[in-house]
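Examination of the molecular architecture
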Amino acid sequence: MSLETHIQLALLIPLIGLIGIVLTGRMPNVREGVTLVTATANAVNVWAIFPAIQSGARPSVTLFEMLPGLSINFTIEPLGMMFAAIASTLWIVNSIYSIGYMRGNKEQNQTRFYACFALSISAAIGVAFAGNLLTLFIFYEILTLSTYPLVTHKGNDEARRGGRTYLGILIATSIGLQLPAIIWTWHLTGTIDFVEGGTLLGKVQGLSAGLLLALYMYGIGKAALMPIHKWLPAAMVAPTPVSALLHAGVINAGGFLLIRFADVMLLSPGTLAALVMLGGFTALFGGLVMLTQSSVKTSLAWSTVAQMGFMILQCGLALFPLALLPYLGLVRTSLFFGLLN
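Throughout, a residue's number is its position along its own chain's written sequence, starting from 1. Per-residue local features of the predicted model are confined to residues with pLDDT of at least 70, and side-chain atom pairs are confined, for both listing and counting, to 80 or more; whole-chain, interface and lining totals are unaffected and use all residues. The side-chain values count all of the structure's non-hydrogen atoms but skip hydrogen atoms and water molecules.

Attention now moves to the side chain of threonine 147. Secondary structure elements are defined from DSSP: runs of H or I of at least 4 residues count as helices, runs of E of at least 2 residues count as strands, and each element is numbered from the N terminus. Here threonine 147 shows up in helix 5 (residues 133-151). Among the residues examined, threonine 147 registers a relative accessible area of 1% and is labelled buried. In this structure the side chain of threonine 147 is engaged in a polar contact, spanning 2.8 Å, whose partner is the backbone oxygen of leucine 143. Accessibility here uses a 1.4 Å probe with only protein chains present; expressed as a share of the type maximum, an area under 20% marks a residue as buried, one over 50% as exposed, and anything in between as partly exposed. We call two N or O atoms a polar contact when they sit within 3.5 Å, provided that within protein one can donate a hydrogen and the other can accept it, with sequence-adjacent residues counted only if both atoms are side-chain atoms.

Dropping the structure here:
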């Protein structure tokens, strides 16, 4: 089987599983069996790509082209491969836990829960394998929309309030900030592809560079930067398996995007200094608020906000000397491992 086929299957297997979950919704044992089989098949398929990427292959698939230069493209590089492999593996673990949790608590709408979970995994893999900014944006939005029913799963007033905060912040930042940044990048460079060495390097400077940096950094709502971090503590009203998804999948997607956009920017020392200060403030404030919390889930949410601040600070420090450009791949990988910890 070709690597290109594996890429397409990585996106399709969760969607096929989603259909199976919906069709077997009235048979809980079969439905949960479909969930586990789908999660396992997807992980095996994703990990089958890993050796080729480790050997230097960079497979690419273009589904279709909207306009000249604007295509839905998937290209696997090492960081994306790592993110997809971790996400697909955690789906198995989370599914096993979810079965016991959902049955033990006699939760309602279990079929919807498993179906939305499958869709969110497909979206996360789409983010990981995105070959350009447009593909990244589309699957980022799908990930937001597919996790919204999971956050509001309990259906009570508290869950609906948390869901509104979650959806409102993530949609507003991506459409209001990230999308204009992508359009501006296309206008400046004529491309939305990820370019080794930085898509915008040498194309923008001064005030424009700082503004574009702010649009990208705050356009990644999932990175939980201050002051657009409130969606994460608010989303802790979700069931425990969903909280795990938010911390291990959604937040990691924000961290992944942060590193990818750092690749796009690679700007001047002045803008990178601003990135360092922003990260430091987020880390300090998040850590202090965490110490005041009594709820374990809320405390964990604020701890994650603090860790994302450290992530941003490390990005700025690592990229500050442009002499590190030849080692960018190593820096990005080490930062991603830091996020997982």
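Time to look at the pairing of strand 1 (residues 60-67). At least two bridges found by DSSP between two strands is the condition for calling them paired. Where strand 1 lies against strand 2 (residues 70-75), six bridges are found, and the strand directions are antiparallel. Bridged to serine 60 within strand 2 is threonine 75. Between the antiparallel neighbours strand 1 and strand 2 lie two residues, among them glycine 69 with a positive phi of about 85 degrees.

This part covers the confidence of the model for the chain. With 84% of its residues at a pLDDT of at least 70, the chain reaches an overall mean of 81. Here pLDDT means the predictor's own confidence in every residue, given as a number from 0 to 100. Any two residues whose heavy atoms approach within 4.5 Å are treated as being in contact. The low-confidence segment residues 322-341 (pLDDT under 50) makes 34 contacts with residues lying over four places distant or belonging to another chain.

Here we come to the packing of helix 2 (residues 28-54) against helix 3 (residues 78-104). Note on geometry: axes are lines fitted to C-alpha atoms, helical ones only across the stretch in contact, with angles between N-to-C directions running from 0 to 180 degrees. Between helix 2 and helix 3, the shortest axis-to-axis distance is 9 Å and the interhelical angle comes to 165 degrees. As far as their axial angle goes, helix 3 and helix 2 are roughly antiparallel. In terms of crossing hand, the pair formed by helix 2 and helix 3 is left-handed. Three classes are used, and their members are as follows: Ala, Val, Leu, Ile, Met, Phe, Trp, Tyr, Cys and Pro are nonpolar, Asp, Glu, Lys and Arg are charged, and the others, Gly among them, are polar. Of the residues that constitute the contact of helix 2 with helix 3, the class distribution is 17 nonpolar, eight polar and two charged. Geometric relationships in this document are graded by angle, where less than 35 degrees denotes roughly parallel, more than 145 denotes roughly antiparallel, 65 to 115 denotes roughly perpendicular, and other angles denote oblique. Handedness of a crossing is defined here by the sense of rotation of the near helix relative to the far one, left-handed for an anticlockwise turn of less than a right angle and right-handed for a clockwise turn.

So, about the pattern of salt bridges. Criterion for a salt bridge: a side-chain nitrogen of Lys or Arg within 4 Å of a carboxyl oxygen of Asp or Glu. Considering all chains together, one arrives at four salt bridges under this definition. The shortest N-O distance in the salt bridge between arginine 31 and glutamate 32 comes to 3.1 Å. For the pair shown, arginine 31 and glutamate 32 are each scored as buried. One salt bridge connects arginine 103 with glutamate 32, and the closest N-O pair in it is separated by 2.7 Å.

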